[in-house]
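What the coordinates show
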Amino acid sequence: MISIQQADFSLQQEYEALRADCPTIGAIVTFTGLMRDFNQGDDIQGLFLEHYPGMTEKSLADICSQARDRWPVEQIRIIHRIGELRPSDQIVFVGVSGQHRGEAFAACEFIMDYLKTRAPFWKREITREGSRWVDARDSDTDAAERWQK
Amino acid sequence: MISIQQADFSLQQEYEALRADCPTIGAIVTFTGLMRDFNQGDDIQGLFLEHYPGMTEKSLADICSQARDRWPVEQIRIIHRIGELRPSDQIVFVGVSGQHRGEAFAACEFIMDYLKTRAPFWKREITREGSRWVDARDSDTDAAERWQK
Amino acid sequence: MIRIKYFARLREAVGQREESLPLPESVATVTDLRDFLGRRDEAWQQAMQMGGLLVAVNQTVVDWNQPLSGDEEVAFFPPVTGG
Amino acid sequence: MIRIKYFARLREAVGQREESLPLPESVATVTDLRDFLGRRDEAWQQAMQMGGLLVAVNQTVVDWNQPLSGDEEVAFFPPVTGG
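What this report covers is the structure whose coordinates are included nearby. (Residues numbered from 1 in each chain as written. Chains lettered and ligands numbered in written order. Predicted model: local features only at pLDDT ≥ 70, side-chain atom pairs only at ≥ 80, totals over all residues. Heavy atoms only, no water.)

Scanning chain C for helices and strands turns up 3 helices and 5 strands. Across chain C, helices and strands are ordered from the amino to the carboxyl terminus as β-α-β-α-α-β-β-β. Against the 2.2 N^0.38 benchmark of 12 Å for 83 residues, chain C shows a C-alpha radius of gyration of 12 Å, consistent with a compact globule. Across its three principal directions, the C-alpha atoms of chain C cover 35 × 30 × 20 Å. (Helix = DSSP H or I, 4+ residues; strand = E, 2+ residues; numbered from the N terminus. Rg over C-alpha atoms; globule rule 2.2 N^0.38 Å.)

Further remarks concern the pairing of strand β6 (residues 73-81) of chain B. Look at any regular strand and the pattern is simple: side chains alternate between the two faces of the sheet. All names here are of chain B. Burial runs high along β6: 7 of the 9 residues are buried. Bridge count for strand β1 (residues 2-5) against β6 is 4 bridges, and the pairing is parallel. Counted as the bridge partner of glutamine 5 is arginine 81 from β6. Across 6 bridges, the pairing between β6 and strand β8 (residues 90-98) is antiparallel. (Buried < 20%, exposed > 50% of the residue type's maximum accessible area, 1.4 Å probe, protein only. Pairing = 2+ DSSP bridges.)

Here we come to the pairing of strand β1 (residues 2-6) of chain D. Residue and element names in this part refer to chain D. Counting buried positions along β1 gives 4 out of 5 residues, so the element sits mostly inside the fold. Both β1 and strand β2 (residues 18-21) contribute to a ladder of 4 bridges, which runs antiparallel. Note that in β2 the partner of isoleucine 2 across the bridge is leucine 21. Where β1 meets strand β5 (residues 73-77), 4 bridges bridge the pair, whose relative direction is parallel. Residue lysine 5 lies in a different strand from β5, and its bridge partner there is alanine 75.

Our next topic: the interface of chain D and chain B. Contacts between the two partners involve 20 residues from chain D and, on the opposite side, 26 residues from chain B. Of the roughly 1800 Å² buried between chain D and chain B, counting both surfaces, carbon and sulfur atoms make up 55%. Seen at the junction of chain D and chain B, the total is 3 salt bridges. One salt bridge connects B:Asp135 with D:Arg9, and the closest N-O pair in it is separated by 2.7 Å. For the pair chain D and chain B, the number of links is 17 residue pairs in polar contact (both at pLDDT 80 or more). Residue assignment for the side of chain D that touches chain B shows that the elements contributing at least two residues are α1 (8-14), β4 (60-61) and β5 of chain D. When residues of the side of chain D that touches chain B are assigned to their parent elements, the largest contribution, 4 residues, is made by α1(D). (Contact = heavy atoms within 4.5 Å. Buried area = accessible area lost by both parts, 1.4 Å probe. Salt bridge = Lys/Arg side-chain N within 4 Å of Asp/Glu carboxyl O. Polar contact = N/O pair within 3.5 Å; in protein donor to acceptor, adjacent residues only side chain to side chain.)

What follows deals with the interface of chain B and chain A. Contacts between chain B and chain A engage 35 residues on the former and 35 residues on the latter. Summing the contributions of chain B and of chain A, the shared interface buries around 3200 Å²; its carbon and sulfur component is 50%. When the buried area of chain B at its contact with chain A is split by residue, B:Arg36, B:Arg101 and B:Phe105 rank highest and sum to 23% of it. Between A:Arg101 and B:Asp140 there is a salt bridge; the shortest N-O distance is 3.0 Å. For the interface between chain B and chain A, the tally reads 18 residue pairs in polar contact (both at pLDDT 80 or more). Considered class by class, the residues forming the side of chain B that touches chain A number 14 nonpolar, 11 polar and 10 charged. Pairing analysis gives 7 bridges linking strand β2 (residues 27-34) of chain A to strand β2 (residues 27-34) of chain B, with the strands arranged antiparallel. Across the sheet, residue A:Ala27 finds its bridge partner in β2(B), namely B:Gly33. (Nonpolar A, V, L, I, M, F, W, Y, C, P; charged D, E, K, R; others polar.)

Laid out in structure tokens, this is it:
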């Protein structure tokens, strides 16, 4: 299930849903991305997350289906927040359940790497001096390209 | 922090501790291992986990310190339950927080792979026909050896 | 009609969120559309040459030689930075 | 005195959880100790030849040529299966 929302989320609630009543599940891997208060040498006071409604959901669904083609996982859950966020806020959640840990780890990291480089979200940082669009990072592109080898 | 305990644990509580008041943290990865009700073709009714008190803590501390030598992570939390467990019970938790996701993913998976092959725990499964010691898996040895390349 | 959307830094640079227009005669591909828009004025020209610019047709990122028939949703945007 | 511990399948096979004994004259390494214990009777012999058997000295897994001085905690156990 994929959610794009302004509201915060509860890790426990998502975890319970991934775990729910399925005794074949042996492994649950979760990733939570939090807002840091520091980037490129500046204090960050806040963040604004813009996205492309419609395409966002489509691209995340496509990333999930690619993950499922690669690994036999059970459930996948993605939540991405949009709008205004403050330091230490939760931004993104990816949770994967599966029979074995290797698959759950790989699928979870793959989804994050692809989300970072393919899902249409853009961050605008608010600093003391004003606001600025965040630049894409080469390290994210490199992380995503690893999976194509 | 490392805990070997009979009691269950709360993912939310562990997550909150990893997240606590540290706005430089951008990523938290958690792994939870659950008891499956099926192994090698048989229904499993329960599990008994034996360990080597003293060495268990020592080996997990050593695995953590190896992870820290490899990746600049913030906090590491390991919980492993012992004694009697039932299907769907939580068995093990590894949580890692860090500035960036790649490091947190790698450290968390590394710790699990090493725990599986180096920490002195032994599982005894209870089936309808009686009980039996679980055999070590080659796939776990392979997973741990990956990190030595 | 082609429906065109602009996002993030690009949206600010062109001062527009979206628009619709009939497919111009000179436009057969998304590259043609970008060039067409870039001829509007200097701000547009600079914006449409933004480094790393991406284009999506009907909400899927495509190559710059993707053909257009005139009834698509086309979006231009800078590299993504979510997550 | 050497303190010896046995775990899991091995503990059951030798019917013992732990014991202490003075270092036997013939024992200079952990392999010597394994062989010494294996000479007790047939059950011990079979147990101490268990496939994949591991040995830890003072709670650290060591190679089979690890020397013993006579004042260690030595543990024998099958491959681990936690997690």
